[in-house]
Amino acid sequence: MATTDRIASASSSVTAAEPYDDNEKMSEGRLKTPDEMDIGDDIERAELLSEHDDGDEKPAPALKPDTSTRTAVIWMVVNTLATIGIVFTNKAIFSDPSLKLAQLTFAAFHFFITWLTLFTISRPRFAFFVPRKVAIKEIIPLAVAMSLNVILPNLSLAFSTVTFYQVARILLTPTVALMNFVLYKSTLPRNAILALIPACLGVGMVSYYDSLPSADASVKTTSSLGVIFAFSGIFASSLYTIWIASYHKKLQMNSMQLLFNQAPLAAFMLLYVIPFVDTFPTWTEVPINRWVMIMMSGLFACVINISQFFIIAQTGPVSSTVVGHVKTCSIVALGWITSGRAVGDKSIIGVFIAIGGIIS
């Protein structure tokens, strides 16, 4: 099965002591989009089935070209809508003061949904992948990194605007590139490095202007905590991206198999921390619409996970890159519309510069 919608977090197969393969280097000649690097929720990391780990996978049935194209388009649309839906649904959930500080509980819920989805599609009736077990001690560090990779970005979303949250994720590309250089001496082409400069500049502009207080109460702004959590989350996500690449080679497991082991362990470990960290609401007083949103968030996560499997099987890297750009631009645009900011707001310049840099 050809690997598509590639991101460094799981498409690479490396050991901790050796650089990426020629097929997996960051220097493939193009920048990876933030959507390819990280989709907000860790669940999309299951999209990346290693090219070298196909032996356990059941080959997809041959489809007629027209049928295959139509099916791929449908799944790409479904995946795009689900990704947009989960970001704005989570933002609505975190906008409730009683739920904003129950982040670990929310992450554990999503990890459970991830595991349940993978468990279901691994059953013989579906046979999307063959589950494999690994010793718990082998993946504890990765499970911890996975938890931080989800919790810190969610905290960023809770304390910032959707536009800033999504634009800040663009920094995943240069951060992973820098980590690859430090750890593996892997370099990017000159053109790719030049493209990262406006991306970083744009994020910096958005960070500054979006965090300025506004006299208009209807205009949503990003708090200092939102900025701190955003950059902490970028570091955690980048580290997780690098680690998961080496775990693919170390454990000889593809992404779905690895995530199938990580998710329940991460959820279980969070159970020990939740009582000391989370601030719980009075559950009986949580409005029905919030419970519906929480269930919708889990449903979106499930749909994203399943749709990625079909996208991998039926599209190429160009198509998946376009889908990544569409998702990033759509979330930023919708976030801007709902922020209450005027078209002439200076942070819009930073948005265009950052997105232009990553698309170029």
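As the structure is a computational prediction, the values presented were derived from the model and not from experiment.

Chemist: Looking at this structure, how should I read the confidence of the model for the protein chain?
Modeler: Keep in mind that low pLDDT regions are not for reading the predicted coordinates in detail. Per-residue pLDDT for the protein chain averages 78, and the proportion of residues at 70 or more is 78%. A low-confidence stretch, residues 1-31 stays under pLDDT 50, and its non-local contacts, those more than four residues away or across chains, total 116 contacts. A low-confidence stretch, residues 37-58 (pLDDT under 50), is modelled with 97 contacts involving residues beyond four sequence positions or located in other chains.

Chemist: Could you clarify how one ought to interpret the packing of helix α8 (residues 190-210) against helix α13 (residues 347-359) in this entry?
Modeler: Between two packed helices, the angle of one axis relative to the other and the distance separating the axes together describe the packing. Where α8 contacts α13, the axes come no closer than 7 Å and their chain directions differ by 155 degrees. It follows from the interaxial angle that α8 and α13 lie roughly antiparallel. By crossing handedness, the relation of α8 to α13 is classed as left-handed. The segment α8 lies against α13, with Ala-195, Pro-198, Ala-199, Gly-202, Val-203, Met-205, Val-206, Tyr-209 and Asp-210 engaging Ser-347, Ile-349, Gly-350, Val-351, Ile-353, Ala-354, Gly-357 and Ile-358.

Chemist: Just checking my understanding: could you explain helix α10 (residues 255-277) for this structure?
Modeler: In an α-helix there are 3.6 residues to a turn, and that puts residues three or four apart on one side. Along its length, α10 shows its largest kink, about 40 degrees, at Leu-271, and proline Pro-275 lies within four residues downstream of that point. Where α10 begins, the side chain of Asn-254 points an oxygen toward the backbone nitrogen of Met-256, at a separation of 3.1 Å.

Chemist: Got a minute to help me understand a nonpolar patch on the surface in this structure?
Modeler: Taken together, the side chains of Phe-268, Leu-271, Tyr-272, Val-273, Phe-276 and Val-277 define a hydrophobic patch exposed on the protein surface, amounting to about 670 Å² of accessible area. On the basis of relative accessible area, Tyr-272 is assigned to the exposed category, the value being 56%.

Chemist: Please clarify how the nonpolar core should be interpreted in this entry.
Modeler: Side chains of a nonpolar character, in soluble globular proteins, are inclined to be buried together. Core analysis: the largest hydrophobic core is formed by 55 residues, its most contacted members being Phe-111, Leu-118, Phe-129, Met-146, Leu-251, Leu-258 and Leu-270. Among the secondary structure elements, those contributing two or more residues to this core are α2 (65-94), α4 (103-121), α5 (136-158), α6 (162-168), α9 (224-251), α10 and α11 (288-314). With eleven residues, α5 is the single largest residue contributor to this core. Those residues in contact with Leu-251 that sit more than four places away from it in its chain are Arg-132, Val-134, Glu-138, Ile-139 and Leu-258.

Chemist: What is the right way to read the packing of helix α7 (residues 172-184) against α9 from this model?
Modeler: Close contact between α7 and α9 brings their axes to 9 Å; oriented N to C, the two are set at 50 degrees. In terms of axis orientation, α7 runs oblique to α9. Crossing angle aside, the handedness with which α7 passes α9 is right-handed. Here Leu-172, Thr-175, Val-176, Met-179, Asn-180, Leu-183 and Tyr-184 of α7 lie close against α9, whose contacting residues are Ile-234, Phe-235, Ser-237, Ser-238, Leu-239, Thr-241, Ile-242 and Ser-246. In terms of residue class, the contact of α7 with α9 is made up of nine nonpolar, six polar and no charged.

Chemist: Could you clarify how one ought to interpret the packing of aromatic side chains in this entry?
Modeler: For any two aromatic rings, the description comes down to two numbers: the centre-to-centre distance and the angle of the planes. In the structure shown here, the tally under the stated rule is twelve aromatic pairs. Between Trp-115 and Phe-260, the ring centres sit 6.3 Å apart and the planes meet at 20 degrees, which makes this aromatic pair stacked. Here the residue Trp-115 occupies a position in helix α4, and Phe-260 occupies one in helix α10, the gap between them amounting to 145 residues. Looking at Trp-115, the relative accessible area reads 25%, which means it is partly exposed.

Chemist: Would you mind going over α9 with me for this structure?
Modeler: For α9, spanning 28 residues, the distance from its first C-alpha to its last is 40 Å, which sits close to the expected 40 Å at 1.5 Å a residue. Gln-252, located one to two residues past α9, shows a positive phi value of around 55 degrees.

Chemist: Please explain the environment of Ile-337 as it appears in this structure.
Modeler: Among the structural elements, Ile-337 can be located in helix α12 (residues 317-339). Separated by 174 residues in sequence, Ile-337 and Thr-163 place their C-alpha atoms 9.3 Å apart.

Chemist: Help me understand the side chain of Thr-80, please; the structure alone is not making it clear to me.
Modeler: Mapped onto the elements of the fold, Thr-80 is located in helix α2. The contact partners of Thr-80, leaving out residues within four places of it in the chain, are Val-323, Val-326 and Lys-327.

Chemist: When you look at the side chain of Asn-149 in this model, what are you seeing that I'm missing?
Modeler: Inspection of the secondary structure puts Asn-149 in helix α5. Side-chain polar atoms of Asn-149 contact the side chain of Ser-237, separated by 2.6 Å.

Chemist: Help me out: how do you make sense of the pattern of salt bridges in this one?
Modeler: Once the charged atoms of two side chains with opposite charge are near each other, the side chains can pair. By the definition in use, this model includes two salt bridges. Asp-96 is paired through a salt bridge with Arg-290; the nearest N and O atoms lie 3.0 Å apart. With Asp-96 in the loop between α2 and α3 (97-100) and Arg-290 in helix α11, the pair connects residues that are 194 residues apart, well separated along the chain. Owing to a relative accessible area of 10%, Asp-96 belongs among the buried residues under this scheme. Owing to a relative accessible area of 16%, Arg-290 belongs among the buried residues under this scheme. One salt bridge in this structure joins Lys-250 and Glu-138, with 3.7 Å as the shortest N-O distance.

What counts, and at which threshold
Residues numbered from 1 in each chain as written. Predicted model: local features only at pLDDT ≥ 70, side-chain atom pairs only at ≥ 80, totals over all residues. Heavy atoms only, no water. pLDDT = per-residue confidence, 0-100. Contact = heavy atoms within 4.5 Å. Axes fitted to C-alpha atoms, helices over the stretch in contact; angles between N-to-C directions. Helix = DSSP H or I, 4+ residues; strand = E, 2+ residues; numbered from the N terminus. Parallel < 35°, antiparallel > 145°, perpendicular 65-115°, else oblique. Left-handed = near helix turned anticlockwise from the far one by under 90°. Bend = angle between axes of the 7 residues up to and from the residue. Polar contact = N/O pair within 3.5 Å; in protein donor to acceptor, adjacent residues only side chain to side chain. Patch = residues over 30% accessible without salt bridge, like charges linked within 9 Å, V, L, I, M, F, W, Y side chains within 5 Å. Areas by Shrake-Rupley, 256 points an atom, 1.4 Å probe, with all protein chains shown as cover. Salt bridge = Lys/Arg side-chain N within 4 Å of Asp/Glu carboxyl O. Buried < 20%, exposed > 50% of the residue type's maximum accessible area, 1.4 Å probe, protein only. Core = buried A, V, L, I, M, F, W, Y, C linked by side-chain atoms within 4.5 Å. Nonpolar A, V, L, I, M, F, W, Y, C, P; charged D, E, K, R; others polar. Phe/Tyr/Trp six-rings, centres within 6.5 Å; stacked < 30°, edge-to-face > 60°. Expected span 1.5 Å × (residues − 1).

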